[in-house]
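One-letter residues, chain by chain:
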Amino acid sequence: MANPQIQLEPGNYYHIYNRGIDSCNIFRENDNYEHFLALYDKYISPVANTFAWVLMKNHFHLLLQILPPNPEGFKNLQGLRTTEKRINQQFSNLFNAYTKAFNKRYDRTGSLLEHTFRRKQIDSEKYLKQVILYIHNNPVHHGFCEHAREYSWSSYLSCISIKPTKLRRDVVLGWFDNEANFKYWHKQKIKVEEIDEWLEI
């Protein structure tokens, strides 16, 4: 179940997503996408490895793994709680900073995102691959393009590029065995409705 109350624990993989309040657009211009990614790098890269992402006009999807903290942080239960609080605070900082900048730019007030971000723990390599395909094909499913490579605001192009990236590209390609298989599986039709049901989107 995609549950906003699930704790983000070090070492675990999560599919995280959210959308604009009343399905409003949360990205209007290229600058919006770029600013969100810059804030993501600032707040989330220190606490998580990223394996896939897509930014759509009114929603986003992320696949990440929470990084283990400094071993000193796990000496007692209080250290664990402090770690959990820090991780949640980083996500809160990201969304609050983006909302504040968006509202200022477009002279609006109030919430931008619909609810506390949804998250579902992914506990098998099979589902990691399915979620990656789902995320990269989201623009195809919503009619923005015919293939994932045609959409600029996802991690698909980073996966097949040789440019430096913080995305865990080598790990992602390894899950598909190699780049050729990665591309092959992205050409196949995926059962979006089944994944939606599993994720409870």
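Notes on the structure in this doc start here.

The rules behind the values
- Residue indices begin from 1 for each chain and proceed along its sequence in written order.
- Whole-chain, interface and lining totals are the exception, using all residues; otherwise, since this is a predicted model, local features are given only for residues with pLDDT of at least 70 and side-chain atom pairs are given and counted only at 80 or more.
- Heavy atoms throughout the structure, all of them, feed into the side-chain values; hydrogens and water do not.
- Per the convention used, a helix needs a DSSP run of H or I reaching at least four residues, while a strand needs a run of E reaching at least two, with both numbered from the N terminus.
- Categorising residues by exposure relies on relative accessible area from a 1.4 Å probe, with only protein chains included: less than 20% of the type maximum marks a residue as buried, more than 50% marks it as exposed, and the intermediate range marks it as partly exposed.
- Throughout, a contact is declared for two residues whenever any of their heavy atoms are within 4.5 Å.
- Pairing between strands is defined by DSSP: at least two bridges between the two strands are required.
- Axis definition: a line fit to C-alpha positions, over the contact stretch in the case of helices; interaxial angles, taken between N-to-C directions, run 0 to 180 degrees.
- The term salt bridge refers to a side-chain nitrogen of Lys or Arg lying within 4 Å of a carboxyl oxygen of Asp or Glu.
- Multiply 1.5 Å by the residue count of a helix minus one, and that product is the helix's expected span.
- Starting at the helix axis, one direction is taken to each C-beta atom, and the arc is that of these directions.
- In plain words, nonpolar cores are sets of buried Ala, Val, Leu, Ile, Met, Phe, Trp, Tyr and Cys residues tied together by side-chain atoms within 4.5 Å.

**Let's talk about the overall build of the chain**
Line of reasoning, step 1. From N to C terminus, the chain includes eight helices and four strands.
Line of reasoning, step 2. When the helices and strands of the chain are read in sequence order from the N terminus, they spell out β-α-β-β-α-β-α-α-α-α-α-α.
Line of reasoning, step 3. In the chain, which comprises 201 residues, the share counted as buried stands at 44%.
Line of reasoning, step 4. In the chain, the share of contacts with a sequence separation of at least 24, taken over all contacts with a separation of at least 6, comes to 72%.

**Section: the sheet that holds strand E2 (residues 48-55)**
Line of reasoning, step 1. Spatially, the four strands line up as an open sheet ordered E2-E3-E1-E4, and their pairing is antiparallel. The outermost strands of the open sheet, each flanked by one partner alone, are E2 and strand E4 (118-122). Across the sheet, the mean angle from the axis of one strand to that of its neighbour is 20°, orientation sign disregarded.
Line of reasoning, step 2. Here seven bridges tie E2 to strand E3 (residues 59-66), and the two strands are oriented antiparallel to one another. Following the sheet pairing, Ala-52 is matched in E3 by Leu-63.

**Things to note about the environment of Leu-62**
Line of reasoning, step 1. Within the element layout of this structure, Leu-62 appears in strand E3.
Line of reasoning, step 2. Residue Leu-62 is classed as buried on the basis of its relative accessible area, which comes to 1%.
Line of reasoning, step 3. Taking the C-alpha atoms as reference points, Leu-62 and Ile-16, 46 residues apart in sequence, are found 5.1 Å from one another.
Line of reasoning, step 4. Setting aside its immediate chain neighbours within four residues, Leu-62 contacts Tyr-14, His-15, Ile-16, Tyr-40, Ala-52, Trp-53 and Ile-135.

**Structural notes on the pattern of salt bridges**
Line of reasoning, step 1. Applying the stated rule across the entire model yields five salt bridges.
Line of reasoning, step 2. As a salt-bridge pair, Arg-105 and Glu-29 come within 3.2 Å of each other at their nearest N and O atoms. Remark: Glu-29 occurs in the loop between strand E1 (13-19) and helix H1 (30-43) and Arg-105 occurs in helix H2 (residues 77-105); sequence separation between them is 76 residues.
Line of reasoning, step 3. Relative accessible area serves as the criterion here: at 41%, Arg-105 is assigned to the partly exposed category.
Line of reasoning, step 4. Its salt-bridge partner being Asp-41, residue Lys-166 comes within 2.9 Å of it at the nearest N-O pair. Of the two residues, Lys-166 is situated in the loop between helix H5 (156-159) and helix H6 (169-175) and Asp-41 in helix H1; the sequence distance between them amounts to 125 residues.
Line of reasoning, step 5. For Lys-166, a relative accessible area of 61% corresponds to the exposed category.
Line of reasoning, step 6. For Asp-41, a relative accessible area of 32% translates into the label partly exposed.

**Re H1**
Line of reasoning, step 1. The terminal C-alpha atoms of H1, which comprises 14 residues, lie 20 Å apart, in line with the 20 Å expected from a rise of 1.5 Å per residue.
Line of reasoning, step 2. Looking only at H1, the buried set comprises Asn-32, Tyr-33, Phe-36, Leu-39, Tyr-40 and Tyr-43. Axial view of H1: buried residues confined to an arc of 130°, hence all on one face.

**Topic: the nonpolar core**
Line of reasoning, step 1. Counting 54 residues, the largest nonpolar core has Leu-63, Leu-64 and Phe-91 as its most contacted members.
Line of reasoning, step 2. Those residues in contact with Leu-63 that lie beyond four places of it in its chain are Tyr-14, His-15, Asn-49, Thr-50, Phe-51, Ala-52, Ile-122, Leu-128, Val-131, Ile-132 and Ile-135.

**Notes on the environment of Lys-120**
Line of reasoning, step 1. Structurally, the position occupied by Lys-120 is in strand E4.
Line of reasoning, step 2. Under the relative-accessibility criterion, Lys-120 is labelled buried at 8%.
Line of reasoning, step 3. Along the chain, Lys-120 and Leu-63 lie 57 residues apart, while their C-alpha atoms are 9.7 Å from each other.

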